[in-house]
Amino acid sequence: MQLDKIKGKELEQLFEVILSLDSMEDCYLFFDDLCTVNEMKSMAQRLEVARMLRDKQTYSQIEEETGASTATISRVKRCLNYGNGGYMAALDRLGDKKKG
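Model, not experiment: these values are computed from the prediction.

**Some thoughts on the overall build of the protein chain**
Check the secondary structure of the protein chain and you find six helices and zero strands. Starting at the N terminus, the α and β elements of the protein chain follow one another as α-α-α-α-α-α. Its C-alpha atoms give the protein chain principal-axis dimensions of about 40 × 35 × 30 Å. By the burial criterion, 13% of the 100 residues in the protein chain qualify as buried. Sequence-distant contacts in the protein chain: of pairs separated by 6 or more residues, those separated by 24 or more amount to 35%. Accessible area for the protein chain stands at about 8,000 Å²; split by element, carbon and sulfur atoms hold 52% of it. Taken as two groups, the 15 positive and 17 negative side-chain charges of the protein chain have centres that lie 8 Å from each other.

**Here we look at the nonpolar core**
Counting residues in hydrophobic clusters, the biggest one holds ten residues: Val 49, Ala 50, Met 52, Leu 53, Ile 62, Ala 68, Ile 73, Val 76, Tyr 87 and Leu 91. Among the elements of the structure, helix H3 (37–54), helix H5 (70–82) and helix H6 (86–99) are those that each provide at least two residues to this core. Among residues more than four places away in sequence, those in contact with Ile 62 are Val 49, Met 52, Leu 53, Gln 57, Gly 67 and Ile 73.

**Looking at the domain arrangement of the protein chain**
Taken as a whole, the protein chain is organised into domain 1 (1–34) and domain 2 (37–99). Domain 1 and domain 2 are separated by 20 Å when their C-alpha centres are compared. Across the boundary between the two partners, domain 1 contributes four residues, which contact four residues of domain 2. At the boundary of domain 1 with domain 2, total buried surface from both sides reaches about 260 Å², with 55% on carbon and sulfur atoms. Ranking the residues of domain 1 by area buried against domain 2 places Met 1, Gln 2 and Phe 31 at the top, with a combined share of 85%. If you look at where domain 1 meets domain 2, you find zero salt bridges.

**A short note on the pattern of salt bridges**
In the structure shown here, the tally under the stated rule is four salt bridges. The closest approach of N and O atoms between Arg 54 and Asp 55, which form a salt bridge, is 3.5 Å. Take Arg 54: its relative accessible area is 30%, and that puts it in the partly exposed class. The class of Asp 55 is partly exposed, set by a relative accessible area of 38%. For the salt bridge of Arg 54 with Asp 92, the shortest nitrogen-to-oxygen distance reads 3.7 Å. Taken together, the residues span a long stretch of sequence, with Arg 54 in helix H3 and Asp 92 in helix H6 at a distance of 38 residues. On the accessibility criterion, Asp 92 (40% relative accessible area) is partly exposed.

Rules used throughout
Residues numbered from 1 in each chain as written. Predicted model: local features only at pLDDT ≥ 70, side-chain atom pairs only at ≥ 80, totals over all residues. Heavy atoms only, no water. Helix = DSSP H or I, 4+ residues; strand = E, 2+ residues; numbered from the N terminus. Buried < 20%, exposed > 50% of the residue type's maximum accessible area, 1.4 Å probe, protein only. Contact = heavy atoms within 4.5 Å. Areas by Shrake-Rupley, 256 points an atom, 1.4 Å probe, with all protein chains shown as cover. Lys, Arg positive; Asp, Glu negative; His and termini not counted. Charge placed at Lys NZ, Arg CZ, Asp CG, Glu CD. Core = buried A, V, L, I, M, F, W, Y, C linked by side-chain atoms within 4.5 Å. Domains from an automatic or database assignment. Buried area = accessible area lost by both parts, 1.4 Å probe. Salt bridge = Lys/Arg side-chain N within 4 Å of Asp/Glu carboxyl O.

The following block contains the structure:
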């Protein structure tokens, strides 16, 4: 896992804070302070690319709908195929939450 290289007190503190956020408003406030607009847009875009790849959409559909570059789409696809399963777990939870 790539994050093993930077694992430590600071990263664990960040994850604990994220896990403690109680509402969408809490998330907006925290991430607005933590990240730049471009960082947030990039993360949101990558998650949407992952969802679209999981749903078997083509690169051109994804590129057109999200504005993501083919390099970004390829990187996300590589993570979906050979990563740690983080995208899939998150998307599954999101889908479960929307169903329930």
